[in-house]
Amino acid sequence: MTTRPYLRSSLARSLYEKMVRDDNLRHLDKSKWYDVDVDLVDCEIKDVFFPSQVDDETEDFLENCFEKSDWLMTQIFHALVRSLMCWFMSRTSINGFLGRGSMFVFSNVQFENIMSPFSNMREEWKGHGNLLDLGAGDGKVTEIMARHFRHIYATEVSPVMRKILAAKNYTLLDVDKWANPDEGPRYFDLISCLNLLDRCDRPITLLQQIRSKLNPDTGILILAVVLPLSQYVESAGSKYNQPSEKILVKGRKFEEQASYLATNLFQQNGFQVLRWTRVPYLCEGDLDQAFYWLNDALFVMKVADSCDS
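This one's a predicted model, so the numbers in the text were calculated from it and none came from an experiment.

1. With respect to helix α11 (residues 254–268)
Inference 1: Here α11 spans 20 Å end to end across 15 residues, near enough to the 21 Å set by a 1.5 Å rise per residue.
Inference 2: Along α11, the helix axis deviates most sharply at Leu-261, where the bend reaches about 35°.
Inference 3: Taking burial as the measure, the 15 residues of α11 include eleven buried ones, the bulk of the element.
Inference 4: Among the residues of α11, Phe-254, Glu-255, Gln-257, Ala-258, Ser-259, Tyr-260, Leu-261, Ala-262, Thr-263, Leu-265 and Phe-266 are the ones counted as buried.

Structure representation (structure tokens):
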């Protein structure tokens, strides 16, 4: 048993505790982030589960998190700015303003692996394909998908993040109008909805809008949702509001909730799960901890045939 040293300074104690936490994080068994007990999965999606694993790009992201977390004066400045700006800006906008808090859902290799059955489509996408990333944030995850497409569209509520996306030459669509028939292209070849379903006000309506704008023949939806499911809508003033539409989910374990979403929520709204996996939803940390993570269920879906919907 390691004895904690006596430290009189509160700052010294905080830094020591952070050092201990970071050491624990470095020795974390990351394989557990991807574990799924397929025996607990509904038979309808059991055969389309695709196992993922940590790779070099994920490790690079984590190492960068450790490095940034050790920038003492920068982290103190960020903490001060967040405490002042949270009364009139959302956390997402504050992170964009500070250039911090980037998210990591999947690497280039992980994206290509889970999309590997659709390699023929990807060749067509490079020529004239349309990608729409809903709630794109700072566009870091968008970049991974964008290299496979000719035209890149995005939506984002945060004004700060919208400026970042515009600087990357992505075409911005209005968050309230993107699903209109005359807004943007008639159909999209790939729509990504990554960790948005549990953070938007009308998630059921969102799924229906996605279905209406996805190419009915070859379109793909890639959707990530944090489990266990906990819905809230982010707003300024450090307040989290309840959404207008609630998602019904049954089960307590990751596998049970993933199964219920796939065989109920998604099917009822006209989607068929083609592949799915489990990945960590990683976020850059702060002065307390180098990085944070949640458990993501990542689904690849298409519009269901009329006889199956």
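On we go.
2. Considerations on the packing of aromatic side chains
Inference 1: A complete count under the given rule lists ten aromatic pairs for this structure.
Inference 2: Look at Trp-33 and Trp-293: their rings are 5.5 Å apart centre to centre, the planes differ by 50°, and that puts the pair in the tilted class. With a gap of 260 residues between them, Trp-33 in the loop between α1 (10–26) and α2 (43–46) and Trp-293 in strand β10 (residues 291–303) connect regions that are remote in the sequence.
Inference 3: Take Trp-293: its relative accessible area is 30%, and that puts it in the partly exposed class.
Inference 4: An angle of 25° between the planes, with centres 5.5 Å apart, marks the rings of Phe-106 and Phe-111 as stacked. We note that Phe-106, like Phe-111, is buried.
Inference 5: Here the aromatic residues Trp-33, Phe-66, Phe-291 and Trp-293 are joined through ring pairs into a cluster of three or more.
Inference 6: The ring of Phe-66 carries the charged tip of Arg-26 above its face, separated from the ring centre by 3.9 Å.

3. Re the sheet that holds strand β1 (residues 103–104)
Inference 1: In space, the eight strands of this open sheet follow the order β1-β9-β10-β6-β5-β2-β3-β4, with mixed pairing throughout. The sheet is open, and its two borders are formed by β1 and β4 (171–172), each paired with just one other strand.
Inference 2: Sheet analysis places strand β5 (residues 190–194) next to strand β6 (residues 220–226), joined by five bridges and oriented parallel. By the bridge assignment, Ile-191 is partnered in β6 with Leu-221.

4. Concerning unusual backbone geometry
Inference 1: A cis amide bond links Leu-227 to the next residue, Pro-228, at an omega of 5°.
Inference 2: Position of Pro-228 among the secondary structure elements: in the loop between β6 and β7 (233–234).
Inference 3: Even without being glycine, Asn-169 reaches a positive phi, approximately 65°.
Inference 4: Tracing the backbone through its elements, the reader meets Asn-169 in the loop between α9 (159–167) and β4.
Inference 5: With a phi close to 55°, Asn-195 is a non-glycine residue in the positive phi region.
Inference 6: Along the chain, Asn-195 turns up in the loop between β5 and α10 (203–213).
Inference 7: For Asn-195, a relative accessible area of 9% translates into the label buried.

Rules used throughout
Residues numbered from 1 in each chain as written. Predicted model: local features only at pLDDT ≥ 70, side-chain atom pairs only at ≥ 80, totals over all residues. Heavy atoms only, no water. Helix = DSSP H or I, 4+ residues; strand = E, 2+ residues; numbered from the N terminus. Expected span 1.5 Å × (residues − 1). Bend = angle between axes of the 7 residues up to and from the residue. Buried < 20%, exposed > 50% of the residue type's maximum accessible area, 1.4 Å probe, protein only. Phe/Tyr/Trp six-rings, centres within 6.5 Å; stacked < 30°, edge-to-face > 60°. Lys NZ or Arg CZ within 6 Å of the ring centre and 35° of its normal. Pairing = 2+ DSSP bridges.

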